[in-house]
Structure formats: C-alpha cells, structure tokens
Amino acid sequence: MDKETFEREALAAERSLYGVAYSILKNQADCADAIQSALLYAYWKLDTLRNEAYFRTWLTRILINECYRILHCRQRETPLEEYLADRGSLTETQPEPTGVFEELMKLERKLRVPLVLYYVAGYSTKEIAKMLGITKENVRIRLYRGRRALQKQLKGDDGI
C-alpha cells in the first residue's frame, strides 16, 4: 500500500474510527489523540499488513489497542473535576446527557464497544470477534445484551 492509498483509506475510515474511539474513551480530546497515534503507528507498521482488503479492520484493531492504553494511563490520574469537587470548589453539577448515543455511552464497555463496531462502524460479527479477541458467538451475545440494556435505559428502567 502506498502513501496516497493509505491517506485515502484512513480518511474514509475517519468517521467510524472516531465512533469506536469515543465508545471506549468517552472523551473527545483523548479520541483525537488515540486516532492520531493509531494512524501514525499503522503507517510505521504498514509493511505488516498482510492483505489490503482488511486495512480498516487492521487499523481499527490498532485504534482499540491505543484506546485501551490511554484508559490504562488514565486510571493513574485524578480528573480535575473530581479533585476540585473533593475540595468543595466545584458547586455546579453537570446535566445528565440525553439521547440514544448518550445512553449508549452509559453502557459498560464490553457491551458498548461491540454495539458501536457493529451498528456505527458497520463491521461484521466475524470482524468484531477478531478485533476484540473473542468468539463470534460471544459478539452476538454481547450485541443482544447491549441492545437489551440500551432498550431498558431508554425506557427509563433502572433495573439493569
């Protein structure tokens, strides 16, 4: 794959990459960092891509790994809002998000990521299984459970 093809394919995948990153990180700034790092890494490792037909799947897997790395680093940090709230300096509360996407972001990650990969990014269950390192059947189960949990949330049922 040459530089122009890489750029074209990366731009074509940009929207789905953002959806995947946001479903894991829930933060726009971190999403931008993750996508940029994933693209840079993918470009450096382009010679390891065995089949150009699987470029988007390969790039998405790199992005997922980068998102998990960012989450791991984030676990050691305390957000400024929490720091200030613990000290009584933050009196304003954040409004609750509304809408389907916001409710989707409230789901636990193991249900949220397959839903975004399947419905937003358009990957097949086979591709998702390969990206997440789980079986196709497990992907189907997570999609089912995720849809069911999302439906309960949208109906206002707190018994999830």
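Residues numbered from 1 in each chain as written. Predicted model: local features only at pLDDT ≥ 70, side-chain atom pairs only at ≥ 80, totals over all residues. Heavy atoms only, no water.

## Observations regarding the layout of surface pockets
Phase 1: Estimated volume of the largest pocket: approximately 240 Å³.
Phase 2: Thr-48, Leu-49, Arg-50, Asn-51, Tyr-54, Thr-57, Trp-58, Arg-61, Lys-130 and Met-131 together form the lining of the largest pocket.
Phase 3: For the lining of the largest pocket, the secondary structure elements donating two or more residues are α3 (55-74) and α7 (125-132).
Phase 4: Split into classes, the residues belonging to the lining of the largest pocket amount to four nonpolar, three polar and three charged. (1 Å grid on protein atoms, 1.4 Å probe; cavity = no way out; pocket = protein on both sides within 12 Å on 5 of 7 lines; lining within 4 Å. Points joined across faces, edges and corners; volume = space filled by probe spheres on them. Helix = DSSP H or I, 4+ residues; strand = E, 2+ residues; numbered from the N terminus. Nonpolar A, V, L, I, M, F, W, Y, C, P; charged D, E, K, R; others polar.)

## Observations regarding the nonpolar core
Phase 1: Judged by nonpolar contacts, the single largest core of 42 residues is most densely connected at Val-20, Ile-24, Leu-25, Leu-63 and Leu-117.
Phase 2: Secondary structure elements with two or more residues in this core: α1 (3-25), α2 (28-44), α3, α5 (100-106), α6 (109-120), α7 and α8 (136-155).
Phase 3: The leading source of residues in this core is α3, at nine residues.
Phase 4: With near-sequence residues (within four places) excluded, Ile-24 lies in contact with Ile-64, Cys-67, Tyr-68, Leu-71, Arg-109, Arg-112 and Val-113. (Core = buried A, V, L, I, M, F, W, Y, C linked by side-chain atoms within 4.5 Å. Buried < 20%, exposed > 50% of the residue type's maximum accessible area, 1.4 Å probe, protein only. Contact = heavy atoms within 4.5 Å.)

## Observations regarding a negative patch on the surface
Phase 1: On the surface, Asp-2, Glu-4, Glu-7 and Glu-52 cluster together into a negatively charged patch.
Phase 2: Secondary-structure assignment places Asp-2 in the segment before α1.
Phase 3: Under the relative-accessibility criterion, Asp-2 is labelled partly exposed at 41%. (Patch = residues over 30% accessible without salt bridge, like charges linked within 9 Å, V, L, I, M, F, W, Y side chains within 5 Å. Areas by Shrake-Rupley, 256 points an atom, 1.4 Å probe, with all protein chains shown as cover. Salt bridge = Lys/Arg side-chain N within 4 Å of Asp/Glu carboxyl O. Lys, Arg positive; Asp, Glu negative; His and termini not counted. Charge placed at Lys NZ, Arg CZ, Asp CG, Glu CD.)

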